Amino acid sequence: MRTTRALLVLAGLALTGCGLYGIATDPYIDLAQHPFDILRWAIGGLVLHDGLWVPLACLAGVTLARSTPVRTGLILAAAVTAVALPAVLRAGHHNGNPTVLPLPYLRNWLLTLAAIALLTTTWALLHHHRKRR
């Protein structure tokens, strides 16, 4: 267990280093002129994740879903929604450039949620059937 934990910590630190290197070398991000914007964005993400997302996921897991398949489906749906929502809300607002958001994001998001619901239902039914045996 200690070896696994140490390897996971090292992998996390390596990924953090890759991310910091990417931010530092990205030509579109000017750290010299806007260092506090990046810091504000990083702190905001941390606050949203640890202050809102994790408590909501834990609350949903405790109250709504006692089974692993349903809990997993809810977490996947929430994660997909968190990633897709900015594009869904901005669809059609292209500010004179129709190639900025050209896809039907609402339809694609709903299809993805439907696929997650179908897979979650199938998994839950199989899980329930196996438990009964």
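Since the model is a prediction, treat every value here as computed from it, not as a measurement.

Rules of the game
Residues numbered from 1 in each chain as written. Predicted model: local features only at pLDDT ≥ 70, side-chain atom pairs only at ≥ 80, totals over all residues. Heavy atoms only, no water. Helix = DSSP H or I, 4+ residues; strand = E, 2+ residues; numbered from the N terminus. Rg over C-alpha atoms; globule rule 2.2 N^0.38 Å. Buried < 20%, exposed > 50% of the residue type's maximum accessible area, 1.4 Å probe, protein only. Contact = heavy atoms within 4.5 Å. Areas by Shrake-Rupley, 256 points an atom, 1.4 Å probe, with all protein chains shown as cover. Lys, Arg positive; Asp, Glu negative; His and termini not counted. Charge placed at Lys NZ, Arg CZ, Asp CG, Glu CD. 1 Å grid on protein atoms, 1.4 Å probe; cavity = no way out; pocket = protein on both sides within 12 Å on 5 of 7 lines; lining within 4 Å. Points joined across faces, edges and corners; volume = space filled by probe spheres on them. Nonpolar A, V, L, I, M, F, W, Y, C, P; charged D, E, K, R; others polar. pLDDT = per-residue confidence, 0-100. Axes fitted to C-alpha atoms, helices over the stretch in contact; angles between N-to-C directions. Parallel < 35°, antiparallel > 145°, perpendicular 65-115°, else oblique.

What about the overall build of the chain?
The number of helices and strands found in the chain is 4 helices and 0 strands. A globule of 133 residues ought to have a C-alpha radius of gyration of about 14 Å, yet the chain, at 20 Å, is considerably larger. Structurally, the chain occupies a C-alpha span of about 65 × 50 × 20 Å along its principal axes. Taking all 133 residues of the chain together, 8% fall into the buried category. Considering only residue pairs separated by 6 or more positions, the chain has 50% of its internal contacts joining residues 24 or more positions apart. A total of about 10,900 Å² of accessible surface is found on the chain, and carbon and sulfur atoms cover 71% of it. Of note, the chain has its 11 positive side-chain charges centred 31 Å away from the centre of its 4 negative side-chain charges.

Regarding the environment of Arg90
With respect to the helices and strands, the residue Arg90 is situated in helix 3 (residues 68-90). Taking the relative accessible area as the measure of exposure, Arg90 reaches 43% and is therefore partly exposed. Each C-alpha atom, one on Arg90 and one on Val100, is 10.0 Å from the other, the two residues being 10 residues apart in sequence.

Section: the layout of surface pockets
Estimated volume of the largest pocket: approximately 220 Å³. What lines the largest pocket is Leu48, His49, Leu52, Trp53, Ala78, Ala79 and Ala82. Among the secondary structure elements, those contributing two or more residues to the lining of the largest pocket are helix 2 (35-63) and helix 3. The dominant element in the lining of the largest pocket, judged by the number of residues it contributes, is helix 2, at 4 residues. In terms of residue class, the lining of the largest pocket is made up of 6 nonpolar, 1 polar and no charged.

Focus: the confidence of the model for the chain
When the pLDDT values of the chain are averaged, the result is 84; 95% of them are 70 or greater. The secondary structure element of the chain with the lowest average pLDDT is helix 2, at 81, and the one with the highest is helix 4 (residues 105-132), at 91.

Topic: the packing of helix 3 against helix 4
Between helix 3 and helix 4, whose axes approach to 9 Å, the crossing angle comes to 175°. Regarding the angle of helix 3 to helix 4, the classification is roughly antiparallel. For the pair helix 3 and helix 4, contact is made by Thr68, Pro69, Val70, Thr72, Gly73, Leu76, Ala77, Val80, Thr81, Ala84, Ala87 and Val88 and by Tyr105, Leu106, Trp109, Thr112, Leu113, Ile116, Thr120, Trp123, Ala124 and His127, respectively. A class-by-class count of the residues in the contact of helix 3 with helix 4 yields 15 nonpolar, 7 polar and no charged.

Overview of the environment of Pro86
Among the secondary structure elements, Pro86 is positioned in helix 3. Distance from Pro86 to Tyr105, taken between C-alpha atoms, is 9.7 Å for residues 19 residues apart in sequence.

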